[in-house]
Structure formats: C-alpha cells, structure tokens
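# A structural walkthrough
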Amino acid sequence: MKNVIMYMGPQCNFCDAAKRLLNRNNIPFKEINIAIEDGKKDEMLEKSNGRKTIPQIFFDENHVGGYVELRELEKKGELLNLLK
C-alpha cells in the first residue's frame, strides 16, 4: 500500500472530513500540521504546485488534491485501487 500523507491545519472542517474518510476505509495516513511544523507549508506549496488550501493529500508522491477530490475517488470506487 502506498504512503498517504495529508497536509492539514487547525480548525479545518475539510481536514476533519478527509480524516474520517480515510479512517472509514481503513487507510493509514500521516498528518503534517502546516501551522506548527516549520517549513511544512512551503513544502506543501511546492509539492502541490502552489495550492494553498488544506488539506492537500498525497499517495506516495502523487498529488491527489483535497477532500473534494478524495471524496470523488471514493464515490467512483477508485480510492482503494489507487493505493495498491
């Protein structure tokens, strides 16, 4: 299974929704809080081609997008296949 990394921040409803979605699909993930971890906001911006919204989600080095894109993958039944 690919490593899932989610760049997130405090008081973020979309981040909370993304965590719930990943948890209900039994997908382990690493959270990176860009508000408290030095340099992680810049890292996120570079990896996501400048996208500033949170969350920003990656499967290994593949940029998935945010919660909306993650939810769309789940609805289409493609989420688990992309993690193989």
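These lines cover the structure that appears in this document, whether it is placed above or below.

About the cut-offs
Residues numbered from 1 in each chain as written. Predicted model: local features only at pLDDT ≥ 70, side-chain atom pairs only at ≥ 80, totals over all residues. Heavy atoms only, no water. Salt bridge = Lys/Arg side-chain N within 4 Å of Asp/Glu carboxyl O. Helix = DSSP H or I, 4+ residues; strand = E, 2+ residues; numbered from the N terminus. Buried < 20%, exposed > 50% of the residue type's maximum accessible area, 1.4 Å probe, protein only. Disulfide = S-S within 2.5 Å.

### Focus: the pattern of salt bridges
Between side chains of opposite charge, a pair can form as their charged atoms come close. Within the structure shown, the criterion is met by six salt bridges. A salt bridge links Glu43 to Lys40; the shortest N-O distance between them is 3.3 Å. Of this pair, Glu43 and Lys40 both sit in helix H2 (residues 40–47), three residues apart, roughly one helical turn. With relative accessibility at 21%, the residue Lys40 sits in the partly exposed group. One salt bridge connects Glu74 with Arg71, and the closest N-O pair in it is separated by 2.6 Å. Note that Glu74 and Arg71 are positioned in helix H3 (residues 67–75) at a spacing of three residues, about one turn of the helix. Looking at Glu74, the relative accessible area reads 17%, which means it is buried. One network of salt bridges, in which partners are shared, links Asp16, Lys19 and Glu31.

### Focus on the state of the cysteines
Counted according to the given criterion, the structure contains one disulfide. Across a sulfur-sulfur distance of 2.4 Å, Cys12 and Cys15 are joined as a disulfide pair. Disulfide Cys12-Cys15: torsion about the S-S bond near 75 degrees, hence right-handed. Summarising the burial analysis for this pair, Cys12 and Cys15 share the class buried.

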